[in-house]
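Here's the letter readout for the chains.
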Amino acid sequence: MSALQENTALKAYNTFGIDVKARYFSEILTEEGLIEMLQSDLIHSQSLLVLGGGSNVLFTQNFDGLVLKIGIPGISAVANGDEVLVTAGAGVVWNDFVNYCVSHGYAGVENLSLIPGTVGAAPVQNIGAYGVELKDVFHSCKAFEIATAQSRVFNFGDCGFAYRDSVFKTTLKGRYIISSVTFKLSTKANINTQYGAIQDELRKRNILQPGIADIATVVAQIRVSKLPDPSTIGNAGSFFKNPVISKDQFEKVYHDHPLVVNYPLADGKVKLAAGWLIEACGFKGVIAGQTGTWKNQALVLVNHGHATGQEVYSFSEQIIAAVDAKFGVKLEREVNIL
Ligand code: EPU
């Protein structure tokens, strides 16, 4: 088991860069280390927080319990015809995994370039961007039950994937720790350029027949132009989810605000662009003390250097209230508040 630390600063372990401490902290580098930890008395006597890249949390206070940073490394691939099953340790940095796949010609995750976080966290909220979600390439994952230290393989159907959601966030929340994820990729690229911004960027670069490396480059370029780099400006990507509302409610919103960016869903409901709603309330690029919204994407809250989690949280409450007052739509946070 990796060394157990006490009173550990978490600033480097959350992309928001919030300066809080954990009572106990340990980095897990192997499955054996994980089992040993799960069999220890400590874990069962403390509140537990499992961290991957710390890219989806907002700490509003010190964490009075045990933080496990999952750092299990390694990537391996098994090809069978055009299909390739690629398994990555939960601690592999997501973008390193994408780069590995792109450089080996394994198609499927190129649209998910440059998403912050780790492989093990990716299924938890079914990460997605630019027309692709993790569930589109997910094969299975291996996880350990916290209560028993027993391992279990979760196949696609076990995971209950939905928009930014899975059983790991809902029915099985806090019960399992993912140690590795296996992806079903292909050596035959099925290029996905449905997202307008990708098409625009390819056209600008005069790329008529893009390969997966082109898509990865273009997606990374779009992200860099819209989203702040957490290594210089603390943030956790989209702070809110895009709200999904009923058709009736949408009709009311649309009647008063015909420009509202919306995506009709198969079940008749309508998803709205939260960034648009927030911008329409005058919140894009707003600086509020040490926090604010990003200048190019109002859905992203930022830490201008010394924000406290409380400050960011209060600001997010103001945004929720403003959007509710103007549109009658209640935004939900995507980021986990601790
Ligand atoms: N928009 C505005 N103002 C803004 C931001 C967006 O008017 O300040 C409008 C845009 O013009 C566009 C629409 O809203 O018409 C959607 O914007 P964008 O393409 O930037 O995507 P998003 O819906 O805001 C989602 C994901 C992102 C992901 C992008 C691209 C969620 C909560 N967010 O954002 O994911 O990168 O699509 O696929 O679903 C993340 O989860 O951390 C994240 C960054």
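Higher on the page you've got the structure.
In this numbering scheme, every chain counts its residues from 1 along its sequence in written order. Residues qualify for local features only when their pLDDT is at least 70, as the model is predicted, and side-chain atom pairs are given and counted only at 80 or more; totals for whole chains, interfaces and linings, by contrast, use all residues. To obtain the side-chain values, all non-hydrogen atoms of the structure were used and water was disregarded.

Caption draft 1: Seen up close, the packing of aromatic side chains. Working definition: a ring pair exists when centres of Phe, Tyr or Trp rings (six-membered ring for Trp) sit within 6.5 Å. Plane angles under 30 degrees give stacked, over 60 give edge-to-face, the rest tilted. Under the definition given, this model contains 15 aromatic pairs. With 5.0 Å between their ring centres and 85° between their planes, Phe154 and Tyr176 make a pair best called edge-to-face. One end of the pair, Phe154, is in strand β11 (residues 151-155); the other, Tyr176, is in strand β12 (residues 176-186), with 22 residues separating them in the sequence. Across this residue pair, the class does not change: Phe154 and Tyr176 are buried. Ring geometry for Phe156 against Phe161: centres 5.8 Å apart, planes inclined by 55°, an arrangement best described as tilted. Here the term buried applies to any residue with accessible area under 20% of the maximum for its type, exposed to any over 50%, and partly exposed to those in between, with areas from a 1.4 Å probe on protein chains only. On the basis of relative accessibility, which here comes to 42%, the residue Phe156 falls in the partly exposed class. An aromatic cluster of at least three residues, connected via ring pairs, comprises Phe16, Phe239 and Phe240. Charges are assigned to positions over rings by a cutoff of 6 Å between ring centre and Lys NZ or Arg CZ, combined with an angular limit of 35 degrees from the ring normal. We note Lys271 situated over the ring of Tyr163; from NZ or CZ to the ring centre the distance is 3.5 Å. Each helix is a run of DSSP H or I of at least 4 residues and each strand a run of E of at least 2, with the numbering of both proceeding from the N terminus.

Caption draft 2: Representation of the sheet that holds strand β16 (residues 270-272) in the model. Strand order in this open sheet of 3 strands is β14-β16-β15, and the pairing throughout is antiparallel. One side of each edge strand has no neighbouring strand; the edge strands of this open sheet are β14 (244-245) and β15 (262-264). By the convention used here, strands pair only if DSSP detects at least 2 bridges between them.

Caption draft 3: Representation of the pattern of salt bridges in the model. Salt bridges are defined by distance alone: a side-chain nitrogen of Lys or Arg within 4 Å of a carboxyl oxygen of Asp or Glu. For the structure shown, the criterion picks out 15 salt bridges. Several salt bridges converge on common partners, so that one network encompasses Glu133, Lys135 and Asp136.

Caption draft 4: Broad picture of the site of the ligand. Proximity is defined per residue: if any heavy atom of the residue lies within 4 Å of a molecule or strand, that residue is considered near it. Around the ligand, the surrounding shell holds 24 residues, and the nearest of these are Tyr130, Tyr163, Tyr195, Glu279 and Ala298. Think of a polar contact as two N or O atoms within 3.5 Å of one another; within protein, one of them needs to be a possible hydrogen donor and the other a possible acceptor, and neighboring residues in sequence only count if both atoms come from side chains. Interatomic distance of 2.8 Å between a backbone N/O atom of Ser238 and an oxygen atom of the ligand. Note that a nitrogen atom of the ligand is positioned 3.4 Å from one of the backbone N or O atoms of Gly275. Here the ligand has 820 Å² of accessible area as a free molecule, and 83% of this is covered by the chains. Sorting the residues of the shell around the ligand by element identifies β8 (128-129), α5 (212-226), β13 (234-238), α7 (274-280) and β19 (297-303) as the ones contributing at least two each. Here the nonpolar group is Ala, Val, Leu, Ile, Met, Phe, Trp, Tyr, Cys and Pro; Asp, Glu, Lys and Arg are the charged ones; every other residue, Gly included, is treated as polar. Looking at the shell around the ligand residue by residue, the class counts come to 11 nonpolar, 6 polar and 7 charged. A domain assignment, automatic or from a database, supplies the domain bounds used here. Two domains share the shell around the ligand, each providing at least three of its residues, namely domain 2 (75-186) and domain 3 (234-337). For accessible areas, the Shrake-Rupley method is used with a probe of radius 1.4 Å. Any residue's cover is judged against the shown protein chains and nothing else.

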